[in-house]
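# Commentary on secondary and tertiary structure
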Amino acid sequence: MTDTLIVVDVQNDFCPGGALAVPDGDAVVAPINAEMSKAQAVILTQDWHPADHQSFASNHTGKTPYDTVEMPYGPQILWPDHCLIGSDGAAFHKGLDTARADLIVRKGFRPEIDSYSAFFENDRETPTGLHGYLQTRGLTTLTLAGLAFDFCVLYSALDAAKLGYDVTVLDTACRAIDLDGSEAAARDAMREAGVRIA
Ligand code: VGL
Ligand code: ZN
């Protein structure tokens, strides 16, 4: 039994036609909506970047998307501009049943630091507040679904497992970007961390 469904970044920019489209990304919408009816709590995350965000290749002279740079917190992949605060690309896919959500967690709004995980930013220490919310409500069993399997879903699942939650990733309700084998690597890392892949 899952008590909490965490829906990761089901936003226009990660769907076909979007700025950082995940192949077949919109296919997660129907299974996620179906899963919502089984959950006690539904939480959505929303990637939410200012125009000067340091994860954008456009903010690094001479760099192109998918290059890697060293940030104070470690290596950071550079992305095409995506999920700009307030833009249509940052909006949830229109088919997603957002009315069911108890909470929307926005992340990646600090220009100097990217945020894949729903729990911590990429420095691994700046919290989003989600852990406190779940603790306060007594929610301990999490099911994760959404985009992208090998980035934001992966890091959210690893952090959740590390924080002691019972974590299941709903494979059929996720899609991957798959940069250089990142999908298979994500699967291995999750299994190793004790995350169930269903
Ligand atoms: C994501 C790359 C950059 C994701 C967000 O949602 O997986 N990936 N920003
Ligand atoms: Zn992003």
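Structure: see above.
Presented here is an overview of the structure given in this document. Worth saying up front: this structure is predicted, and the values here are computed from it rather than measured. (Residues numbered from 1 in each chain as written. Chains lettered and ligands numbered in written order. Predicted model: local features only at pLDDT ≥ 70, side-chain atom pairs only at ≥ 80, totals over all residues.)

### With respect to the overall build of the protein
Helix and strand counts for the protein come out as four helices and eight strands. Starting at the N terminus and walking to the C terminus, you meet the elements of the protein as β-α-β-β-β-β-α-β-α-β-α-β. For 198 residues, the compact-globule formula gives about 16 Å, and the C-alpha radius of gyration of the protein, at 16 Å, lands near that figure. Viewed in the frame of its principal axes, the protein has a C-alpha envelope of about 50 × 30 × 30 Å. Evaluated residue by residue, the protein yields a buried proportion of 43% over its 198 residues. Long-range contacts, defined as pairs at least 24 residues apart, comprise 71% of the intrachain contacts of the protein with a sequence gap of at least 6. (Helix = DSSP H or I, 4+ residues; strand = E, 2+ residues; numbered from the N terminus. Rg over C-alpha atoms; globule rule 2.2 N^0.38 Å. Buried ≥ 20, exposed ≤ 12 C-beta atoms within 10 Å, placed from the backbone. Contact = placed C-beta atoms within 7 Å.)

### Some remarks on the site of ligand 1
For ligand 1, the full set of nearby residues is Asp 9, Phe 14, Asp 47, Trp 79, Tyr 116, Leu 147, Ala 148, Phe 151 and Cys 152. Class assignment for the residues of the shell around ligand 1 results in seven nonpolar, no polar and two charged. (Near = placed C-beta within 6 Å. Nonpolar A, V, L, I, M, F, W, Y, C, P; charged D, E, K, R; others polar.)

### Focus on the pairing of strand S2 (residues 41–47)
Both faces of the sheet carry side chains from a regular strand, because those side chains alternate between them. The buried fraction of S2 amounts to six of the seven residues, a majority that puts the element mostly inside the structure. Of the strand pairs in this sheet, strand S1 (residues 4–8) and S2 are connected by five bridges, and their pairing is parallel. The residue bridging Leu 5 from the neighbouring strand is Val 42, located in S2. Each parallel crossover has a hand, and for S1 linked through helix H1 (residues 29–36) to S2 it is right-handed. Both S2 and strand S5 (residues 103–107) contribute to a ladder of five bridges, which runs parallel. Looking across to S5, one finds that Ile 43 is bridged to Leu 103. (Pairing = 2+ DSSP bridges. Right-handed = clockwise from strand over helix to strand, strands pointing away.)

### Things to note about the environment of Ala 30
As for its position among the elements, Ala 30 is in helix H1. Among the residues examined, Ala 30 registers 12 C-beta atoms within 10 Å and is labelled exposed.

### Some points on the packing of helix H3 (residues 149–162) against helix H4 (residues 182–192)
Look at H3 against H4: their axes get within 10 Å of each other, and the N-to-C directions meet at 10 degrees. Here H3 is positioned roughly parallel relative to H4, judged by the angle of their axes. Facing Phe 149, Asp 150, Leu 154, Ala 157 and Leu 158 of H3, the residues of H4 in contact are Ser 182, Glu 183, Ala 186, Ala 189 and Met 190. When grouped by side-chain class, the residues that make up the contact of H3 with H4 number seven nonpolar, one polar and two charged. (Axes fitted to C-alpha atoms, helices over the stretch in contact; angles between N-to-C directions. Parallel < 35°, antiparallel > 145°, perpendicular 65-115°, else oblique.)

### Focus: the pairing of S1
The buried count for S1 comes to five of five residues, which makes it a mostly enclosed element. Burial of S1 is two-sided: the residues Thr 4, Ile 6 and Val 8 facing one way and the residues Leu 5 and Val 7 facing the other way are all buried. In this sheet, strand S6 (residues 141–147) lies alongside S1 in parallel orientation, the contact comprising five bridges. The partner of Ile 6 across the bridge, within S6, is Leu 144.

### As for the environment of Trp 79
With respect to the helices, strands and loops of the structure, Trp 79 is situated in the loop between strand S4 (74–77) and S5. Trp 79 sits 13 residues away from Tyr 66 along the chain, and the two C-alpha atoms are 5.8 Å apart. If sequence neighbours within four positions are ignored, Trp 79 has contacts with Leu 20, Ser 55, Phe 56, Ala 57 and Pro 65.

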